[in-house]
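# Working through the structure, step by step
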Amino acid sequence: MSVTAHRNEIDLEQAVEGMILATALLDAHGGVLLPQDATLTTATLASLRRRGIERCVVWTEAEAPDPAALARARALQLERLDRLFRHSADSDGGAVLLARLRAYREGPSA
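The residue numbers shown here count from 1 along each chain, following its written sequence. Local features in a predicted model are, by the rule used here, given only for residues with pLDDT of at least 70; side-chain atom pairs are given and counted only at 80 or more, and totals for whole chains, interfaces and linings are based on all residues. With hydrogens and water set aside, each side-chain value is computed from the structure's full complement of heavy atoms.

## Brief notes about the overall build of the chain
Per the convention used, a helix needs a DSSP run of H or I reaching at least four residues, while a strand needs a run of E reaching at least two, with both numbered from the N terminus. Along its length, the chain carries three helices and four strands. Of the regular secondary structure in the chain, the N- to C-terminal order runs β-β-β-α-β-α-α. Taken over C-alpha atoms, the radius of gyration is set against a globule rule of 2.2 Å times the number of residues to the power 0.38. The C-alpha radius of gyration computed for the chain amounts to 23 Å, which surpasses the reference 13 Å derived for 110 residues by more than 25%, pointing to a less compact arrangement than a globule. If one aligns the C-alpha atoms of the chain with their principal axes, the spans along those axes are about 65 × 35 × 20 Å. Residues classed as buried in the chain amount to 19% of the 110 residues present. Excluding contacts between residues fewer than 6 apart, the proportion of contacts in the chain whose partners are at least 24 apart in sequence is 58%. Accessibility here uses a 1.4 Å probe with only protein chains present; expressed as a share of the type maximum, an area under 20% marks a residue as buried, one over 50% as exposed, and anything in between as partly exposed. Whether two residues are in contact is decided by their heavy atoms: any pair within 4.5 Å suffices.

Below, the structure written as structure tokens:
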């Protein structure tokens, strides 16, 4: 599995030294307190708390989903559609709706 960075909005109380801002941190008037990609330090966190800043957006790492697990989940969704439409898939409207739902569930990668 690969690791990717995601933006994550957190309370300032959850922020710790070493976290990196994903967006610029602005004051109430729109002034830049810290630019995007600034690394939080103990001093900057204390200053932000004194200014009454409550939230910030930081970069966090998350593991990319397993492609095999995604394929299994998609197959289960398609099986569920077949089960839900088992009595109406033969009707004109039911067949059209089932086809559209299947296309939606299969997504652009299929």
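## Some thoughts on the nonpolar core
Membership of the largest hydrophobic core comes to 13 residues, with the highest contact counts inside it found for Leu21, Leu40 and Cys56. With sequence-adjacent residues up to four places away left out, Leu21 is seen in contact with Leu34, Pro35, Gln36, Asp37, Ala38, Leu40, Cys56, Val57, Val58 and Trp59. By nonpolar core is meant a set of buried Ala, Val, Leu, Ile, Met, Phe, Trp, Tyr and Cys residues that side-chain atoms within 4.5 Å join together.

## Let's talk about the pattern of salt bridges
Each reported salt bridge corresponds to a side-chain nitrogen of Lys or Arg within 4 Å of a carboxyl oxygen of Asp or Glu. On inspection of all chains with the given rule, the structure shows four salt bridges. As a salt-bridge pair, Arg49 and Glu13 come within 3.4 Å of each other at their nearest N and O atoms. Pair noted here: Arg49 is in helix H1 (residues 42–50) and Glu13 is in the loop between strand E1 (3–11) and strand E2 (25–26), with a separation of 36 residues, a long-range link. Judged by relative accessible area, Arg49 falls into the partly exposed class, the value being 35%. When its relative accessible area of 62% is taken as the criterion, Glu13 is described as exposed. When the shortest N-O distance is used, the salt bridge between Arg102 and Asp82 registers 3.2 Å. You can see Arg102 sitting in helix H3 (residues 92–106) and its partner Asp82 sitting in helix H2 (residues 67–84), a full 20 residues away along the chain. For Asp82, a relative accessible area of 40% puts it in the partly exposed group.

## Observations concerning the confidence of the model for the chain
Residue-level confidence of the predictor is what pLDDT reports, using numbers from 0 through 100. When pLDDT is averaged along the chain, the result is 87; 90% of the residues meet or exceed 70. Here E1 is the element of the chain with the lowest mean pLDDT, 83, and H1 is the one with the highest, 94.

## Section: H3
To estimate how far a helix should extend, the number of its residues minus one is multiplied by 1.5 Å. Look at H3: 21 Å from first C-alpha to last across 15 residues, which is about the 21 Å you get at 1.5 Å a residue. Note on H3: the residue one or two positions beyond its end, Gly107, has a positive phi of about 70°.

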